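Coordinates in review
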Amino acid sequence: MAEWFSNLKAQFILNFIDDNRWKLLVNGVLLTIRIAFFAVILGVLIGSIVAIIRSTYDKNQETMARRKGFLYYLFSFVNAICKVYLAIIRGTPVVVQLMIMYFIIFASSKNGMLVATLAFGINSGAYVAEILRGGILSIDNGQFEAGRSLGLNYVQTMIYIIIPQVFKNVLPTLLNEFIALLKETSVSGYVGIKDLTKGGDTIRGLTFAPFMPLIAVALLYLMIVLLLTWAAGKVERRLRTSEK
Amino acid sequence: MKSNGEVLIKTEKLYKSFGDIRVLEGISEEIHKGEVVVVIGPSGSGKSTFLRCLNLLEMPTDGKIYFEGVDITDPKTNINSHRQKMGMVFQQFNLFPHMTVLKNMTLAPMKLLKMKKEDAEKKAMDLLRKVGLAERANAYPSQLSGGQKQRIAIVRALCMNPDVMLFDEPTSALDPELVGEVLSVMKNLAAEGMTMIVVTHEMSFARDVADRVIFMYDGVIAESGTPDEMFTNPKNPRTRQFLQSIL
Ligand SMILES: Nc1ncnc2c1ncn2[C@@H]1O[C@H](COP(=O)(O)OP(=O)(O)OP(=O)(O)O)[C@@H](O)[C@H]1O
Ligand SMILES: [Mg+2]
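Residues numbered from 1 in each chain as written. Chains lettered and ligands numbered in written order. Predicted model: local features only at pLDDT ≥ 70, side-chain atom pairs only at ≥ 80, totals over all residues. Heavy atoms only, no water.

Here the focus is the overall build of chain B. Per the secondary structure count, chain B includes nine helices and ten strands. Since a compact globule built from 247 residues should have a radius of gyration of about 18 Å, the 18 Å found for chain B is in line with a globular shape. Along the longest, intermediate and shortest principal axes, the C-alpha atoms of chain B span 50 × 45 × 35 Å. Split into buried and exposed, the 247 residues of chain B put 56% on the buried side. Restricting to contacts in chain B with at least 6 residues of sequence separation, those with at least 24 account for 67%. Here chain B carries 31 positive and 31 negative side-chain charges, and the mean point of each set is 5 Å from the other. (Helix = DSSP H or I, 4+ residues; strand = E, 2+ residues; numbered from the N terminus. Rg over C-alpha atoms; globule rule 2.2 N^0.38 Å. Buried < 20%, exposed > 50% of the residue type's maximum accessible area, 1.4 Å probe, protein only. Contact = heavy atoms within 4.5 Å. Lys, Arg positive; Asp, Glu negative; His and termini not counted. Charge placed at Lys NZ, Arg CZ, Asp CG, Glu CD.)

Shown next, in the form of structure tokens:
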């Protein structure tokens, strides 16, 4: 028993204390959170724009087609672009997207962090877009009609009546998407970013003792995710009680 | 009879199809200022579609609609400014669930009429008092009964000072014991001289309040006349048949 403990202690010192290897994990956590945080913001931004374009087009296609004109063709074109974007992003693995961004599109860029944030944000945007579009579609058409019948225009109806309800409804799904995104950033190592996963893997490569660093990585991810889930639950309850 | 006033809404040969389904088959009709018109007819005859065409919630396939002299079917017309003058009340109330009663009522006046918050709220509270719901001003729609929701929906539309109110079966989604409170609000509104077009199955309302009753059948107006003419001596056999089936 005592031997087992001292062995454990030796392992711990080897993996985390020697050469300040723990720093690899701490810095990794910070990088992971930073990438995920900015990617989420970018994702919501892109997702909202795409969702609004797509559902505006679907809802107003008939009226716009009737008037024809430049706006209609512009809208059809932008809508088609959005569809292509969604198809490509959702049809290919995120690691591949990340590598294409890093090694091809931004091959001249030295800023791996920025490229990774962009890649994950653009990826997340596609999923957020579909979540939001589903949310918009799920709002009873009577809400649109009530807004429009009062004289609000399409944009005002969206801003004051539809979007607030959509965000309330899809918030749990969105938060899940963010948690998924956080875990997906674990492939950042492919483009040389020293994120949490890469940090653990680096330690493993140095010490040839995989157990401790990899379990530590898993526990760290788990802690962040549990924290986010807890916060999400709190926000959700808050939203629900505000209607009571 | 107030139907000698000026024409408020005029439709000319109004047609509406949904794909291959032909719903309105040429409706030419005039609604006069101050008139209360009740639209009756069997299910699927196009009553809702007709009403919804009047504020362009449905875009007519063909024909023209004039509101206060302006052709609102002209693509160049800005329909939003005209809709402000046409209040609409739906069967399913369609209150905004994420806003309090007061917010439901003040949103459009503040955004569209640029009313100050205090003024909009004062107007809303006055209207709420009139329909006996002042103490529910800060409630959310989910906390209201159906009858209360519909009364709120009516005063929400009234906050915009409309020139005409369109009602699409305002009491059909209500429990029977709640119908009366909504009809009484509508009666008061009629007594104040509001121009109203009401699709309803409440024949007592038609008899007591309507200046004119329109009977729709298969997408056309089969017959129209005073409640007295329509209920005691309908000329069209379809009208007779319909009234027999529901009375
Ligand atoms: N958006 C739509 N798409 C396709 N068909 C429609 C649509 N709206 C209405 N219709 C069809 O048009 C016809 C007339 O519908 P409408 O709702 O105007 O009838 P109504 O007289 O109001 O009937 P009810 O008393 O049942 O409300 C029906 O056959 C209906 O199925
Ligand atoms: Mg109907």
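What follows covers the sheet that holds strand 6 (residues 86–89) of chain B. Residue and element names in this part refer to chain B. The six strands are arranged 6-7-8-3-9-10 in an open sheet whose pairing can be described as mixed. Every other strand in the sheet has two partners, leaving strand 6 and strand 10 (220–225) as the edge strands with one partner each. Across the sheet, the mean angle separating the axes of adjacent strands is 20 degrees when strand polarity is ignored. (Pairing = 2+ DSSP bridges. Axes fitted to C-alpha atoms, helices over the stretch in contact; angles between N-to-C directions.)

All right, on to the pattern of salt bridges then. Residue and element names in this part refer to chain B. Considering all chains together, one arrives at 17 salt bridges over all chains under this definition. Glu29 is the partner of Arg212 in a salt bridge, and the nearest nitrogen-oxygen pair spans 2.8 Å. Taken together, the residues span a long stretch of sequence, with Arg212 in strand 9 (residues 212–217) and Glu29 in strand 2 (residues 21–32) at a distance of 183 residues. Given a relative accessible area of 11%, Arg212 falls into the buried group. (Salt bridge = Lys/Arg side-chain N within 4 Å of Asp/Glu carboxyl O.)

Turning to helix 5 (residues 146–158) of chain B, a few remarks are in order. Over its 13 residues, helix 5 of chain B extends 18 Å from the first C-alpha to the last, a length consistent with the 18 Å expected when each residue adds 1.5 Å. The buried count for helix 5 of chain B comes to twelve of 13 residues, which makes it a mostly enclosed element. Among the residues of helix 5 of chain B, those classed as buried are Gly146, Gly147, Gln148, Gln150, Arg151, Ile152, Ala153, Ile154, Val155, Arg156, Ala157 and Leu158 of chain B. Residues of helix 5 of chain B that are buried in the fold lie against helix 6 (141–149) of chain A together with strand 6, helix 3 (101–112), helix 4 (117–130), strand 7 (164–168) and helix 6 (176–191) of chain B. (Expected span 1.5 Å × (residues − 1).)

Let us now look at the site of ligand 1. Residue and element names in this part refer to chain B. The environment of ligand 1 is formed by Phe18, Ile21, Val23, Pro42, Ser43, Gly44, Ser45, Gly46, Lys47, Ser48, Thr49 and Glu169. At 2.6 Å from an oxygen atom of ligand 1 is found a side-chain nitrogen or oxygen belonging to Ser43. A distance of 2.5 Å separates an oxygen atom of ligand 1 from a polar atom in the side chain of Thr49. Burial of ligand 1 by the surrounding chains reaches 61%, relative to a free accessible area of 630 Å². Broken down by secondary-structure element, the contributors of at least two residues to the shell around ligand 1 are strand 2 and helix 1 (47–54). The element that contributes the greatest number of residues to the shell around ligand 1 is helix 1, accounting for three residues. Across the shell around ligand 1, the residue classes break down as four nonpolar, six polar and two charged. (Near = heavy atom within 4 Å. Polar contact = N/O pair within 3.5 Å; in protein donor to acceptor, adjacent residues only side chain to side chain. Areas by Shrake-Rupley, 256 points an atom, 1.4 Å probe, with all protein chains shown as cover. Nonpolar A, V, L, I, M, F, W, Y, C, P; charged D, E, K, R; others polar.)

This part takes up the confidence of the model for chain B. Confidence in the prediction of chain B, expressed as mean pLDDT, is 94, and 98% of residues score 70 or more. Overall fold confidence for the complex sits at a pTM of 0.85, while the interface term, ipTM, reaches 0.92. (pLDDT = per-residue confidence, 0-100.)

For an interface, size is often stated in terms of accessible area lost upon the parts coming together. Contacts between chain B and chain A engage 29 residues on the former and 25 residues on the latter. Across the interface of chain B and chain A, roughly 2,300 Å² is buried in total on both sides, 57% from carbon and sulfur atoms. Glu145 of chain A is paired through a salt bridge with Arg52 of chain B; the nearest N and O atoms lie 2.6 Å apart. Counting across the interface, chain B meets chain A through six residue pairs in polar contact (both at pLDDT 80 or more). Among the secondary structure elements, those contributing two or more residues to the side of chain B that touches chain A are helix 2 (79–83), strand 6, helix 3 and helix 5 of chain B. Considering every element that reaches the side of chain B that touches chain A, the biggest residue donor is helix 3 of chain B, with four residues. Its residues assigned to classes, the side of chain B that touches chain A comprises 16 nonpolar, eight polar and five charged. (Buried area = accessible area lost by both parts, 1.4 Å probe.)

Core analysis: the biggest nonpolar cluster contains 72 residues, and Phe120 of chain A together with Ile9 and Ile197 of chain B have the highest contact counts within it. A total of ten residues in this core trace back to one element, the largest contributor, which is helix 7 (residues 154–184) of chain A. Those residues in contact with Ile9 of chain B that sit more than four places away from it in its chain are Glu29, Glu30, Ile31, Leu54, Ile65, Tyr66, Phe67, Met86, Val164 and Ile197 of chain B. With 49 residues, the next largest nonpolar core counts Val38, Val179, Ala206 and Phe215 of chain B among its residues. (Core = buried A, V, L, I, M, F, W, Y, C linked by side-chain atoms within 4.5 Å.)

It is worth spelling out the packing of helix 5 of chain B against helix 6 of chain B at this point. All names here are of chain B. At a minimum axis separation of 8 Å, helix 5 and helix 6 run at an interaxial angle of 20 degrees. Classified by the interaxial angle, the pair formed by helix 5 and helix 6 is roughly parallel. Along this stretch, helix 5 crosses helix 6, giving a crossing that reads as right-handed. Across the interface between the two elements, Gly146, Gly147, Gln148, Gln150, Arg151, Ile154 and Leu158 of helix 5 pack against Leu178, Glu181, Val182, Val185, Met186 and Leu189 of helix 6. Among the residues making up the contact of helix 5 with helix 6, the classes are represented as seven nonpolar, four polar and two charged. (Parallel < 35°, antiparallel > 145°, perpendicular 65-115°, else oblique. Left-handed = near helix turned anticlockwise from the far one by under 90°.)

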